[in-house]
Amino acid sequence: MIKTDAQIQRDVMDELRWDPAVGDAEIGVAVKDAVVTLAGEVESFAKRFAAVKAAERVAGIRALAEDIHVKIPSAATRTDTEIAHAAANALEWDVEVPVAGVTARVQDGWVWLEGSVEWQYQRAAAERAVRYLTGVKGVNNVLKISPKLSAGDVKSRIEQALKRNAEVESKHITIETAPDGKVVLRGTVHSFAERTDAENAAWSAPGVREVDDELAVVT
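In this report, we go over the structure that sits alongside the text. What you see is a predicted model, and the numbers here were worked out from it, not measured in a lab. (Residues numbered from 1 in each chain as written. Predicted model: local features only at pLDDT ≥ 70, side-chain atom pairs only at ≥ 80, totals over all residues. Heavy atoms only, no water.)

**Remarks on the pairing of strand β2 (residues 35–42)**
- Bridge analysis of strand β1 (residues 26–32) against β2 gives 7 bridges, and the strand direction is antiparallel. Across the sheet, residue Gly-28 finds its bridge partner in β2, namely Ala-39.
- Hairpin connection of β1 to β2: 2 residues between the antiparallel strands, including Asp-33 at a positive phi of 55°.
- Where β2 and strand β3 (residues 63–70) come together, 8 bridges link them in parallel fashion. Bridge assignment links Val-36 to a residue of β3, and that residue is Leu-64.
- A crossover connection joins β2 to the parallel β3 through helix α2 (residues 45–56); in handedness this β-α-β unit is right-handed. (Pairing = 2+ DSSP bridges. Helix = DSSP H or I, 4+ residues; strand = E, 2+ residues; numbered from the N terminus. Right-handed = clockwise from strand over helix to strand, strands pointing away.)

**Some thoughts on the sheet that holds β3**
- Pairing is mixed in the open sheet, where 3 strands are placed in the order β1-β2-β3. Only two strands of the sheet have a single neighbouring strand rather than two, namely β1 and β3. With strand direction ignored, the average angle separating the axes of adjacent strands in the sheet is 10°.
- Helix α1 (residues 5–18) rests against β1 and β2 of the sheet, and its axis sits at about 155° to β1.
- Seen against the sheet, α2 touches β1, β2 and β3 and runs at an angle of roughly 160° to β3. (Axes fitted to C-alpha atoms, helices over the stretch in contact; angles between N-to-C directions. Contact = heavy atoms within 4.5 Å.)

**Some thoughts on the packing of helix α3 (residues 80–93) against helix α4 (residues 120–131)**
- The N-to-C vectors of α3 and α4 enclose an angle of 135°; their axes lie 9 Å apart at closest approach. Accordingly, the angle class assigned to the pair α3 and α4 is oblique. Here α3 and α4 pass one another in a crossing that is right-handed. Judged by residue contacts, Ala-87, Ala-90 and Leu-91 of α3 engage Ala-126, Ala-129 and Val-130 from α4.
- Residues of the contact of α3 with α4, tallied by class, amount to 6 nonpolar, no polar and no charged. (Parallel < 35°, antiparallel > 145°, perpendicular 65-115°, else oblique. Left-handed = near helix turned anticlockwise from the far one by under 90°. Nonpolar A, V, L, I, M, F, W, Y, C, P; charged D, E, K, R; others polar.)

**Some words on the environment of Arg-209**
- Among the structural elements, Arg-209 can be located in the loop between α6 (192–203) and β10 (210–213).
- Considering only alpha carbons, one finds Arg-209 and Ala-86, 123 residues apart in sequence, at a separation of 27 Å.
- Apart from residues no more than four positions distant in its own chain, Arg-209 is found in contact with Ile-145, Asp-180, Gly-181, Lys-182 and Trp-203.

**Looking at the nonpolar core**
- Ile-158 and Val-183 are the most contacted members of the largest nonpolar core, which totals 40 residues.
- Among the secondary structure elements, those contributing two or more residues to this core are α3, β4 (102–107), β5 (110–117), α4, α5 (151–164), β8 (173–177), β9 (182–189) and α6.
- Filtering out sequence-adjacent residues up to four positions away, Ile-158 remains in contact with Ile-175, Val-183, Ala-201, Ala-202, Ala-205 and Val-208.
- If you look at the next biggest cluster of nonpolar residues, it comprises 23 residues, including Val-12, Val-22, Leu-38 and Val-42. (Core = buried A, V, L, I, M, F, W, Y, C linked by side-chain atoms within 4.5 Å. Buried < 20%, exposed > 50% of the residue type's maximum accessible area, 1.4 Å probe, protein only.)

**A closer look at the environment of Glu-169**
- Relative to the helices and strands, Glu-169 is located in the loop between α5 and β8.
- Exposure remark for Glu-169: the relative accessible area of 28% places this residue in the partly exposed category.
- Separated by 26 residues in the primary sequence, Glu-169 and Leu-143 have C-alpha atoms spaced 30 Å apart.
- Residues within four places of Glu-169 in sequence aside, it is in contact with His-190 and Glu-194.

None of this, on its own, says anything about what the molecule does.
Listed below in structure tokens is the structure:
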């Protein structure tokens, strides 16, 4: 059954209220042609991130745009130097982040993650390590992934991962790989969540540097 825009809007608002990580944040939800826009102001980047993830869980969404601004309360304000020290410690203490190859740069409360890693999970772990630090307004993750496998090996591993995923109908998805580690996903899925699962499966393959998700959501 295809949801109306009003139904999607109601479901997204309910999901935002349901998620304790979003809390009592004042976030507006607009929906047109199954494209959801989130707007408002929150007190931390972690809350902004949680709001986006909550909306992505709702079935029937074709695409998601967010215009949520982070306004740090005065009691939680930190200087860039303080955030940089906290970020360096967080990266060092996270066992999934390589000791060498990842650096954090901070400007006006925004953290830039720079350097290179071998796996996508390491890239994601570095972002997760700094996302919840007090005073952080946003994270720009520009870590590069160094490809270690051939394009054929990467494609084969992604195909196997998609087939193992019970939530993804892999027969409607085609995979293109390039020697530089870029992966292109094409085809159709039944929900925004299924599209996210397919993209995550692609990122899980070793050597993947970039995923171009061109999957269309057909409800």
